[in-house]
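Report on the structure
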Amino acid sequence: MESKVDPTEVFKADHSEEDNEMNSKRQAVDISIERSEKYDKADWKLFIITPYSKWIELETWLKENLPTSIRRSDGVGWISVRYENGRGSFHRSEKSKQLEEKGKLAREYWQSIQSRNNKSLLDIAARYNIRGGKWLLYLETHEVDQMWSLIVKALFSGELGSIIKSVKVSPSDDLRKINHRFVPEPCKSHVLCIYTEDIFKKIQVLEVEACVRKLGFWNKLHYKPDISTILGVFLFSKDGINPSMLTSTYDFSSNISRFHDKVLRKYFNVDHNTQPEEENIVEDTWKELTNMTIDTKYTAI
């Protein structure tokens, strides 16, 4: 005689597996947050571009500080190149301390609201004048050194545009957390960040993406506002919010980028063979969506 299977037990088992999987992902998020803070506070390999910087100096520095040759187990959090007025670590300089103060207030406000989504992220960014963001390039180990050099040289020569003042890349992340300890592990991938100063200037954000495509990076790109990092919004966070505001996929044959706007919940294309129609992009600007006006006490920071 066949034993009957209770469908409710199957349903419970399926959901139990889903819950376990989601809990594992959320534990990974907690580790990601901890690691992000740890690496931001660690030592940085830094090249600062000044009016007196020479091309040969930059090339020498790049060869001595390749992402594949610098290891996080040696205490290095990031490798960075920036102008004197470019972005550094959140945990360095007086401006960074002011940002931490704003971040604390933003987190308190974030915890007090019930409706949390990509739009409310922007509302808080506007309220506390936390306007920075970054394009994220995920790179395999075999390609990171070449792409990093291309991006840095484009920054130095101005090919990334005058608004870009800072870029950074992760070194070989040869540490993995097991039982509350970081242990050695072979590095397989890197993340390269290109910082923009104002997430509400959408046209400038798109122009940076176009520059990256011209340099030969054709993989998927993610644009993440600083407010996501400050509020601890990572993929698979409890609120289920995607930390990226934009993603970009690129079709090499047509030279067209297809964007997914997570705030407006819509897709749009940018043809790199022509100049973007500014008025069509401006009417979709994120700034017009925010309910909150910028608190004047934060505008000077």
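Quick summary incoming for the structure in this document. (Residues numbered from 1 in each chain as written. Predicted model: local features only at pLDDT ≥ 70, side-chain atom pairs only at ≥ 80, totals over all residues. Heavy atoms only, no water.)

1. With respect to the packing of aromatic side chains
Applied cut-off: For Phe, Tyr and Trp, rings pair up if their centres lie within 6.5 Å, where Trp contributes its six-membered ring, and each pair is then called stacked (planes under 30 degrees apart), edge-to-face (over 60) or tilted (otherwise). Helix and strand definitions here come from DSSP, where helices need a minimum of 4 consecutive H or I residues and strands a minimum of 2 consecutive E residues; each element is numbered from the N-terminal end. Working definition: with a 1.4 Å probe on protein chains only, accessible area under 20% of the residue-type maximum means buried, over 50% means exposed, and in between means partly exposed. Each ring is checked for a lysine NZ or an arginine CZ that lies within 6 Å of its centre and within 35 degrees of its normal; such an atom marks a charge sitting over the ring.
Using the criterion set out here, one finds six aromatic pairs in the structure. Where Trp55 meets Phe156, the ring centres are 5.4 Å apart and the plane angle is 70°; that geometry is what we call edge-to-face. Placement of the pair is Trp55 in helix H2 (residues 55-64) and Phe156 in helix H5 (residues 141-157), with a sequence separation of 101 residues. Accessibility expressed as a relative area gives 37% for Trp55, which makes it partly exposed. By relative accessible area, Phe156 is classed as buried at 18%. In this structure, Arg72 is placed above the aromatic ring of Trp78, and the distance from its NZ or CZ to the ring centre is 4.9 Å.

2. Let's talk about the pattern of salt bridges
Formally: Between Lys or Arg on one side and Asp or Glu on the other, a salt bridge is scored when a side-chain nitrogen of the former is within 4 Å of a carboxyl oxygen of the latter.
In this structure the tally under the stated criterion is eight salt bridges. Taking the shortest distance from any N to any O, the salt bridge between Lys153 and Glu59 comes out at 3.6 Å. Here Lys153, found in helix H5, pairs with Glu59, found in helix H2; they are 94 residues apart in sequence, far enough to count as distant.

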